[in-house]
Amino acid sequence: MKSEQDQAFDALGVFDRDTPQYRAYFPEDSRDEAEFQLTRILAISARRWGTHVESRMLARTGQSRSRWQTLFVLSVAQPPVTTSLLSERLAIQWPPLVRTLHSLEADGLIRRYANPHDKRSRYIEITDAGRAVVDRVQPVLSEIRTEVFANLTEEEVRIATRILEKIATGVASAKPDTD
């Protein structure tokens, strides 16, 4: 009889653990198998979460994920915020961020201005109109989180957060491959 975790993985349809090739890669109940399952479910969860939130937020607020996330980060950040800092906090590369910033600025939701200490850098600030967008987005995002996380206790949410923080720290401190 399959364990509750095995049944949950099977229901998600994220991988077939009963194939010979799977077992060749991952011996049953090994640390390697556990790490693979964690990374696979982490990736699947992130993609499904992103797709779910993106479609609901777009339908309810008219804002894409890149726009509302950028505005949200700006709304809670201690100014001044540079493009580099914003890129780091959003964990995205410059080209898509710059496109988002151009769009937000054209719509009057942010303002960019020269950094007086570094002519190569610009500061970004959210405008009142941008804050109004965040004020519309935040309740919708809270509603979605409450719905999606309804089967978790508050303690489980806090434990999951601590675990994900450890994973993020591990990724950030991992050495890159050098050729």
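Preceding this paragraph is the structure being described.
Residues numbered from 1 in each chain as written. Predicted model: local features only at pLDDT ≥ 70, side-chain atom pairs only at ≥ 80, totals over all residues. Heavy atoms only, no water.

Concerning the sheet that holds strand 2 (residues 110-115)
To keep it simple, the criterion reads: Note on pairing: two strands pair once DSSP finds at least 2 bridges between them. Secondary structure elements are taken from DSSP: a helix is a run of H or I of four residues or more, a strand is a run of E of two residues or more, and numbering for both begins at the N terminus.
In space, the three strands of this open sheet follow the order 1-3-2, with antiparallel pairing throughout. Only two strands of the sheet have a single partner each, and these edge strands are strand 1 (81-82) and strand 2. Across six bridges, the pairing between strand 2 and strand 3 (residues 118-126) is antiparallel. Looking across to strand 3, one finds that Ile110 is bridged to Ile126.

Overview of the packing of helix 5 (residues 83-90) against helix 6 (residues 94-106)
Geometrically, a packed helix pair is captured by the angle between its two axes and the distance between the axes. To keep it simple, the criterion reads: The axes are straight lines fitted to the C-alpha atoms, using for helices just the contacting stretch, and the angles between their N-to-C directions are given from 0 to 180°. With respect to orientation, any angle under 35 degrees is reported as roughly parallel, any angle over 145 as roughly antiparallel, any angle of 65 to 115 as roughly perpendicular, and every other angle as oblique. Left-handed describes a crossing in which the near helix is turned anticlockwise from the far one by less than a right angle; the clockwise case is right-handed. Any two residues whose heavy atoms approach within 4.5 Å at even a single point are treated as in contact. When residues are sorted by character, Ala, Val, Leu, Ile, Met, Phe, Trp, Tyr, Cys and Pro go into the nonpolar class, Asp, Glu, Lys and Arg into the charged class, and all the rest, Gly among them, into the polar class.
At a minimum axis distance of 10 Å, the contact between helix 5 and helix 6 shows a crossing angle of 110°. It follows that helix 5 is roughly perpendicular to helix 6 by the angle criterion. The two elements helix 5 and helix 6 cross, and the hand of that crossing is right-handed. Judged by residue contacts, Thr83, Ser84, Leu86, Ser87 and Leu90 of helix 5 engage Trp94, Leu97 and Leu101 from helix 6. Across the contact of helix 5 with helix 6, the residue classes tally to five nonpolar, three polar and no charged.

Brief notes about the packing of aromatic side chains
Where we set the bar: Ring geometry is summarised as follows: Phe, Tyr and Trp rings, the Trp one being its six-membered ring, pair when their centres sit within 6.5 Å, and such pairs are stacked at plane angles under 30 degrees, edge-to-face over 60 and tilted between the two. Only protein chains enter the accessibility calculation, which uses a 1.4 Å probe; a residue whose area is less than 20% of its type maximum is buried, one above 50% is exposed, and one in between is partly exposed.
Per the stated rule, a full pass over the model turns up six aromatic pairs. Ring geometry for Phe26 versus Phe36: centroids 4.3 Å apart, planes at 20°, classification stacked. Here Phe36 lies in helix 3 (residues 31-61) and Phe26 lies in the loop between helix 2 (20-25) and helix 3, a separation of ten residues in the sequence. By relative accessible area, Phe26 is classed as buried at 12%. Seen in terms of ring centroids, Tyr113 and Tyr123 are 5.5 Å apart; in terms of plane orientation they differ by 70°. Their pairing is edge-to-face.

A short note on the pairing of strand 3
By the bridge criterion, two bridges tie strand 1 to strand 3 in an arrangement that is antiparallel. Bridge pairing in strand 3 links Thr82 to Tyr123. Hairpin remark: strand 2 followed by strand 3, antiparallel, with two residues in the connecting loop.

Brief notes about the nonpolar core
To be explicit about the condition: Buried Ala, Val, Leu, Ile, Met, Phe, Trp, Tyr and Cys residues that are joined via side-chain atoms within 4.5 Å together make up what is termed a nonpolar core.
Core analysis: the biggest nonpolar cluster contains 23 residues, and Met57, Leu71, Leu74, Leu86 and Ile110 have the highest contact counts within it. Contributing elements (two or more residues each) for this core: helix 3, helix 4 (65-76), helix 5, helix 6, strand 3 and helix 7 (128-148). When residues in this core are grouped by element, the largest group, six residues, is from helix 7. If we skip the residues at most four places from it in the chain, Ile110 touches Leu71, Leu74, Leu101, Leu104, Glu105, Ile124, Glu125, Ile126 and Thr127.

The values reported here are purely geometric and, on their own, carry no functional implication.
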